[in-house]
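Given next are the chains, with one letter for each unit.
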Amino acid sequence: MDPPVRDVLRLGTHQILSLRTPSHAAVSTSVDLVRSAVGHRPTSFVNAVLRKVAQKDFAMWMDQVAPDAATDPVGHLATVHSHPRWVVEAMRDALRGDLVSTAELLAADNDAPGVTLVVRPGWADAADLGGVDVRAGRYSPHALYLDAGDPGQIAAVRDGRAGVQDEGSQLVALALAQAPVDGADERWLDLCAGPGGKAALLAALAGGRGATLVANDVLPHRTELVAKALRQATNATVHTGDGREHLWGRPRSTGFSSMPRAPASGRCGADPRRAGAVDPQTSRRWRRCRDGSSTARCTPSVPAAWSPTRPARRTAARRPASWRQRCRGTLT
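1. Thoughts on the overall build of the protein
- Helix and strand counts for the protein come out as 15 helices and seven strands.
- Burial status across the protein gives 39% buried among its 332 residues.
- Of all intrachain contacts in the protein linking residues separated by at least 6 positions in sequence, the fraction that spans at least 24 positions is 62%.
- In the form shown here, the protein has an accessible surface area of approximately 18400 Å², with 52% of it arising from carbon and sulfur atoms.

Now the structure itself:
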């Protein structure tokens, strides 16, 4: 069987047995797909196989094709729960051979996860979701759990007043916003803002305090996503390029930040290239350094005294050590 034909049969079988797609629609679309992808020759074969599949439901097929649970329990669970055998074995071993708990874990792994929404403060509230059935979040005061439905159908999500964002991501923004700083608290910076979820929440929080946000990312396609996430923000600007010019006034400076709150979110803190702060030669050095030492010591883009918030006591910022010194572990 040609691989494209096998792929179409798998898609069609999944539609028939596991989705709510009517059988005749699944068969018809599968035949059309194989005709356009492979040609007309396998269309009759695909049509016959999928019509045969549609004669039984999922449970009936599992009784027929799954290995016997008594003689091959792992194979039975792998087939019934659609997991590779080695994954089932790893889960069973982690649960100390408890097959009942393994089956429950596999079933839970197949459940579609719930969607967590963020209602951005000052931009929307729960009433703006249009009567959608939601529950209050457990950790973030701005989180709502959507158990069923398409978040894209919610007007507040479509226009950016709310969004899809897990609570862990929300808590990162909240932790930064609540951290104490000395002096004026008027300008915030998200150093690696793409794709924009935390930046949007930060902009909403900053707006409530009369502060502004600069959202920076080195990659143009990511700043496009940030701009889309910030379309409701009147106190935010989006920038593409070297984020250090916002921190220290110019890319090669090592002075203190004029930004009281400046997170390096995502993988930016681990990879200086994400900040737009290194040239190709330095990037190559960083990759070599990364193989043999801690990434934190090999990051040449941020001075040692930098932190996500303006320090309460201004201390002298040392000139960043060379990448060789960092790789040797001489910089603490």
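And the narrative resumes.
2. What about the sheet that holds strand E1 (residues 115–119)?
- In spatial order, the strands read E2-E3-E1-E4; together these four strands make up an open sheet with antiparallel pairing. Each edge of the open sheet is held by one strand with a lone partner, namely strand E2 (134–136) and strand E4 (162–164). Between one strand axis and the next, the sheet turns by 30° as a mean value, whatever way the strands run.
- The pairing of E1 with E4 spans three bridges and is classified as antiparallel. Each residue of the ladder has a partner; that of Leu-117, found in E4, is Val-164.
- The sheet strands contacting helix H9 (residues 167–178) are E1 and strand E3 (143–146), and the helix crosses E1 at an angle near 30°.

3. Let's talk about the sheet that holds strand E5 (residues 187–190)
- One open sheet holds the three strands; their spatial order is E5-E6-E7, and the pairing between them is parallel. Edge positions in the open sheet fall to E5 and strand E7 (236–240), since each of these has one partner strand only. Pairs of neighbouring strands in the sheet enclose a mean axial angle of 20°, with direction left out of account.
- When E5 meets strand E6 (residues 212–217), the two strands line up parallel, connected through four bridges. Bridge assignment links Asp-190 to a residue of E6, and that residue is Ala-215.
- In the packing of helix H11 (residues 220–229) onto the sheet, contacts are made with E6 and E7, and the angle to E7 comes to roughly 170°.

4. Concerning the packing of aromatic side chains
- Applying the stated criterion to the full structure yields zero aromatic pairs.
- Against the face of Trp-61 rests Lys-56, its NZ or CZ located 4.8 Å from the ring centre.

5. Structural notes on the pattern of salt bridges
- Taken as a whole and judged by the stated rule, the model has nine salt bridges.
- As a salt-bridge pair, Arg-85 and Glu-89 come within 3.4 Å of each other at their nearest N and O atoms. Taken together, the residues Arg-85 and Glu-89, both in helix H6 (residues 85–94) and four residues apart, mark about one turn of the helix.
- Classification of Arg-85 by relative accessible area gives partly exposed; the value is 39%.

6. Side note on helix H7 (residues 99–110)
- The end-to-end C-alpha distance of H7 is 17 Å, a good match for the 16 Å that 12 residues give at a rise of 1.5 Å each.
- Where H7 begins, the capping side chain belongs to Asp-98, and its oxygen is found 3.1 Å from the backbone nitrogen of Val-100.

7. Some points on the pairing of E1
- Among the five residues in E1, four count as buried, and that is most of the element.
- Here E1 runs beside E3; their pairing, made up of four bridges, is antiparallel. Residue Val-115 lies in a different strand from E3, and its bridge partner there is Leu-146.

8. So, the packing of helix H2 (residues 23–37) against helix H3 (residues 43–53)
- Remark: H2 packs on H3, axes separated minimally by 9 Å, with the N-to-C direction vectors making an angle of 155°. Classed by the angle they form, the pair H2 and H3 counts as roughly antiparallel. Considering how the two elements wind past one another, H2 and H3 form a crossing that is right-handed. From H2, Ala-26, Val-27, Ser-30, Val-31, Val-34 and Arg-35 reach across to H3, where they touch Thr-43, Val-46, Asn-47, Leu-50 and Arg-51.
- Per-class residue counts for the contact of H2 with H3 are six nonpolar, three polar and two charged.

9. Here we look at the confidence of the model for the protein
- Summarising the model, the protein shows a mean pLDDT of 79, and 73% of its residues fall at 70 or more.
- Here residues 251–257 is a poorly scored stretch, pLDDT under 50, and it has 19 contacts once near neighbours within four places are set aside; other chains count.
- Note that pLDDT drops below 50 for residues 266–306; the model gives that stretch 82 contacts with residues more than four away or on any other chain.

10. Structural notes on the environment of Asp-190
- Mapped onto the elements of the fold, Asp-190 is located in strand E5.
- Remark: the alpha-carbon pair of Asp-190 and Val-214, spanning 24 residues in sequence, is separated by 6.3 Å.

Calculation notes
Residues numbered from 1 in each chain as written. Predicted model: local features only at pLDDT ≥ 70, side-chain atom pairs only at ≥ 80, totals over all residues. Heavy atoms only, no water. Helix = DSSP H or I, 4+ residues; strand = E, 2+ residues; numbered from the N terminus. Buried < 20%, exposed > 50% of the residue type's maximum accessible area, 1.4 Å probe, protein only. Contact = heavy atoms within 4.5 Å. Areas by Shrake-Rupley, 256 points an atom, 1.4 Å probe, with all protein chains shown as cover. Pairing = 2+ DSSP bridges. Axes fitted to C-alpha atoms, helices over the stretch in contact; angles between N-to-C directions. Phe/Tyr/Trp six-rings, centres within 6.5 Å; stacked < 30°, edge-to-face > 60°. Lys NZ or Arg CZ within 6 Å of the ring centre and 35° of its normal. Salt bridge = Lys/Arg side-chain N within 4 Å of Asp/Glu carboxyl O. Expected span 1.5 Å × (residues − 1). Polar contact = N/O pair within 3.5 Å; in protein donor to acceptor, adjacent residues only side chain to side chain. Parallel < 35°, antiparallel > 145°, perpendicular 65-115°, else oblique. Left-handed = near helix turned anticlockwise from the far one by under 90°. Nonpolar A, V, L, I, M, F, W, Y, C, P; charged D, E, K, R; others polar. pLDDT = per-residue confidence, 0-100.

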